[in-house]
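# Structural features, examined
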Amino acid sequence: MSVHSTDRRPSQPVRHLSEPPVVRWGLTAVALAFLALFLLLPLVTVFLEAFGHGVRAYLAAVAEPEALAALRLTLLAAAIAVPANLVFGVCAGWAITKFEFPGRNVLTTLIDLPFAVSPVIAGMVFVLLFGRQGFLGPWAAEHGVRIVFAVPGIVLATIFVSFPFVAREIIPVMEAAGTQEEEAARVLGAGGFQTFFRVTLPNIKWGLLYGGILSNARAMGEFGAVSVVSGKIRGLTNTLPLHVEILYNEYAFQAAFAVASLLTFLALVTLVVKTVVERRLGVASEETRPEAAVAGTG
Amino acid sequence: MSIEVKGLRKRFGGFQALDDVSFSVGQGELLALLGPSGSGKTTLLRIIAGLEHADAGTVLFDGHDAAARHPRERGVGFVFQHYALFRHMTVFENVAFGLRVRPRAERPVESEIRRKVNELLGLVQLDYLGSRYPSQLSGGQRQRVALARALAVEPKVLLLDEPFGALDARVRQELRRWLRRLHAEIHLTSVFVTHDQEEALELANRVVVMNEGRIEQDGTPDDVVEHPATPFVLNFLGQVNIFHGRVQDGTAWLGPLALEYPEHPHTEARTAAGYSRPHELDISRSDDGGGLWGTVSDVRMAGAVVKFELLDDQRSPIQVELGREQYAQIRAIIGESVYVKPRRVRVFMQEPGG
């Protein structure tokens, strides 16, 4: 449009092609200010406070056995929850997009439930379900499994709050891709596994990657649900976010921020992993991304 | 390989997609399934391919029930309407796919796969595009890759779903000619689905016309054009003028036309209609019987023919096509009265109660 009109009137300056500089700079400034205020400033504060009493105090706080136990537990919970969510997300996405069955819409809605329900309530549900008076509690006790106030409960709560991310990411991708490529693979003689690994998986890998990263971030940062089922037994059932809170409540501010910086590090590591994976997948299949983006809009 | 389809039925919810469909395809035939959208032709093709299950009926390949076979053993090559190329694979890998997924014992060695894929890419004249991705190809090129991919597994039957539907007219023409040459070369039993009658008539040795899940006619292209079995086939295969009326005592009374109709010698009258194609009508300036008077309402020069629209005394339109030479003798202009006489009228009685 705009090119066309400038062709006809070459003498006129091209004004309508872009916003005036004031608007451009203004918008950029607002965005930057917002980022600085809500992202950069808190981040800097965390590290300033963490290192406020020197590197030695920082290392002491981080190397404390209880802090290390919390770190281990957080990593363990994420290490179980993320793969579980990836598998569940692919199953759910597959079922919802490739088949017609009664209850399909209900399933789609149910997947969003953890987004809608407050995490604290999610935690309560697990306590009610597996607690001593709970529905499944006696059965678990009989088999010698502790769920509430123990690691399994924390893992369950973490899975609950982080499972929609993968399914949410890949359902639109799978929907856009349709079933034709799978059908083509089948007629060409590919079995179910071959079809999945050679055709379906490459088409949804970006969705899986982003879903996995979001899911991981949520799993490591979850506070509400985990805090209800954990019982906050130091060195045993404390995750990093819970440990930060306990330290903070005990006025051990420097230690609290030091542990908080660990969480921040984990987030940064996640971002680095994402970038590396992105680059590797990107090199392997330069061509699928623009196509996938186009398919996503269609 | 020959295909025999017997009594196929398929229902999607409340929609009867196929209703007792039976036909057969001989070895080396190129058969067209022709029909409007929703006529069940694609469903039929998908059932033959094993992508869909029939509610009832059987599909026999060389006399053996195909449903019992894994797609791999069916020996079917399928070309999808929208190509369904694997978008994350190069053209080469797309074509190689069917060979690579074979069980280890049957899988050719890498050098053999390379040779085979390159040979096929040569056949579809795309050997220079092996390292491209589908998104970098034009529609016609994608379609040919899809064809090469289907042929790579050495199918005994080739099934094509609206193979040229998504392409522009010129590419379609070109691919049509090319597919016919290919079929003459490799002589593979082939079935293709189309809603384009021109495509079906030009390409196929045999045409099966479908409507609302049923077969209307099964015959050679010449059969369906010259001897349409039903009014639907007549209508679907091109423009046609309809004269409504009745048949009685061996005569069809169709408005101003009266024709012999020995198929119904009874005194009881039955509703009927006569059909004439625009090129089966002649125009003259004098009443020499067997026709009707009409007023010219439109004249269009359309290449080799001249298209007339006339209005009869009921003011319903009649389409007539004349050759240039015939037109030169008449030279009728808009508003003039002319005498229209059908050289040929096909009369169909309506079913009682229909």
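Anyway, here's the lowdown on the structure attached to this text. In this numbering scheme, every chain counts its residues from 1 along its sequence in written order. Key to labels: chains lettered from A, ligands numbered from 1, both in the order written. Reporting of local features is limited, given that this is a predicted model, to residues whose pLDDT is at least 70; pairs of side-chain atoms are given and counted only at 80 or more, and all residues count toward the totals for whole chains, interfaces and linings. Only hydrogens and water are set aside when side-chain values are computed; all heavy atoms of the structure are taken into account.

## Considerations on the overall build of chain B
Across its full length, chain B holds 10 helices and 20 strands. Seen along its three principal axes, the alpha-carbon backbone of chain B occupies a region of about 80 × 45 × 35 Å. Counting every position in chain B, which comprises 354 residues, the buried fraction comes to 52%. Whether two residues touch is decided by their heavy atoms; if any such pair falls within 4.5 Å, the residues are in contact. Sequence-distant contacts in chain B: of pairs separated by 6 or more residues, those separated by 24 or more amount to 66%. Under the convention used here, a 1.4 Å probe and the Shrake-Rupley method define accessible areas, while residue burial counts only the protein chains that appear. As displayed, chain B has an accessible area near 16300 Å², and 48% of this comes from carbon and sulfur atoms. Charged side chains of chain B number 43 positive and 47 negative; the gap between the two group centres comes to 8 Å. Under the scheme used here, helices are H or I runs from DSSP no shorter than 4 residues and strands are E runs no shorter than 2 residues, and both carry numbers assigned from the N terminus. Burial here depends on accessible area, computed with a 1.4 Å probe over protein chains only, as a share of the maximum for the residue type. Under 20% is buried, over 50% is exposed, and the range in between is partly exposed. Charged-residue counts in this description rest on Lys and Arg as positive and Asp and Glu as negative, His and the chain ends being excluded. All charge positions are set by atom: Lys at NZ, Arg at CZ, Asp at CG, Glu at CD.

## Comments concerning the packing of helix α3 (residues 54-63) of chain A against helix α4 (residues 65-98) of chain A
Residue and element names in this part refer to chain A. The convention used is that axes are lines fitted to C-alpha atoms, helices contributing only their stretch in contact, and that angles between N-to-C directions extend from 0 to 180 degrees. With their axes 5 Å apart at the nearest point, α3 and α4 run at an angle of 60° to one another. The angle between the axes of α3 and α4 places the two elements in the oblique class. Counted together, Ala61, Val62 and Ala63 of α3 and Pro65, Ala67 and Leu68 of α4 form the full contact between these two elements. Note on terminology: angles under 35 degrees are roughly parallel, angles over 145 are roughly antiparallel, angles of 65 to 115 are roughly perpendicular, and the others are oblique.

## Observations regarding the sheet that holds strand β20 (residues 346-349) of chain B
All names here are of chain B. The rule for pairing is simple: two strands pair if DSSP sees at least two bridges between them. The sheet built from 5 strands is open, its strands ordered β13-β12-β11-β14-β20 with antiparallel pairing. Looking at strand neighbours, the two that pair on one side only are β13 (257-260) and β20, the edges of this open sheet. Going from strand to strand, the sheet's axes swing by 30° on average, the running direction of each strand aside. Pairing of strand β11 (residues 241-248) with strand β14 (residues 270-276) involves 7 bridges; the strand directions are antiparallel.

## As for the interface of chain A and chain B
Listed by partner, the interface residues are 22 residues for chain A and 26 residues for chain B. Accessible area, probed at 1.4 Å, shrinks when two parts are joined; the buried area is that loss added up over both. Between chain A and chain B, roughly 2300 Å² of surface is buried when both sides are summed, and carbon and sulfur atoms account for 58% of that area. Every case where a carboxyl oxygen of Asp or Glu lies within 4 Å of a side-chain nitrogen of Lys or Arg is listed as a salt bridge. Taken together, the links from chain A to chain B amount to 2 salt bridges. A salt bridge links glutamate 181 of chain A to arginine 87 of chain B; the nearest nitrogen and oxygen atoms lie 2.8 Å apart. For the side of chain A that touches chain B, the secondary-structure elements that each account for two or more residues are α11 (180-187), α12 (192-221) and α16 (288-297) of chain A. Here the side of chain A that touches chain B gets 7 residues from one element, more than from any other, and that element is α11 of chain A.

## Looking at a nonpolar patch on the surface
Patches draw on residues past 30% relative accessible area with no salt bridge. Two like charges within 9 Å are joined, as are two nonpolar side chains (Val, Leu, Ile, Met, Phe, Trp, Tyr) within 5 Å. Judged by side-chain polarity, Leu32, Leu35, Leu39, Leu40, Val44 and Leu48 of chain A come together as a nonpolar surface patch covering roughly 610 Å² of accessible area. As for its placement among the helices and strands, leucine 32 of chain A is situated in helix α2 (residues 21-50).

## Focus: the pairing of strand β19 (residues 337-342) of chain B
Note that strand β15 (residues 281-284) of chain B and β19 of chain B share 4 bridges and pair antiparallel. Looking at β19 of chain B, one finds that isoleucine 283 of chain B is bridged to valine 340 of chain B.

## Structural notes on the sheet that holds β15 of chain B
Residue and element names in this part refer to chain B. Read across the sheet, 5 strands follow the order β15-β19-β16-β17-β18 without closing on themselves; strand pairing throughout is antiparallel. A strand with exactly one partner marks an edge of an open sheet, and here the two such strands are β15 and β18 (317-323). Each strand of the sheet is rotated relative to its neighbour by a mean of 45°, with strand direction disregarded.

## Some thoughts on the side chain of serine 261 of chain A
Residues and elements named next belong to chain A. Note on placement: serine 261 falls in helix α15 (residues 253-284). According to the relative accessible area criterion, serine 261 is buried, its value standing at 0%. A 3.5 Å cut-off defines polar contacts: any pair of N or O atoms within that distance qualifies, except that in protein one atom must be a possible hydrogen donor and the other a possible acceptor, and neighbouring residues in sequence count only when both atoms are side-chain atoms. A polar atom in the side chain of serine 261 sits 2.5 Å from the backbone oxygen of alanine 258. Every residue in contact with serine 261, bar those within four places of it in the chain, is listed here: Val46, Phe47, Ala50 and Tyr58.

## Concerning unusual backbone geometry
Residues and elements named next belong to chain B. Phi is positive for aspartate 62, which is not a glycine, with a value near 50°. Looking at the element boundaries, aspartate 62 is found in the loop between β4 (56-61) and β5 (64-65). If you check the backbone angles, alanine 84 has positive phi at about 50° while not being a glycine. Note that alanine 84 resides in the loop between β6 (76-79) and α3 (91-100).

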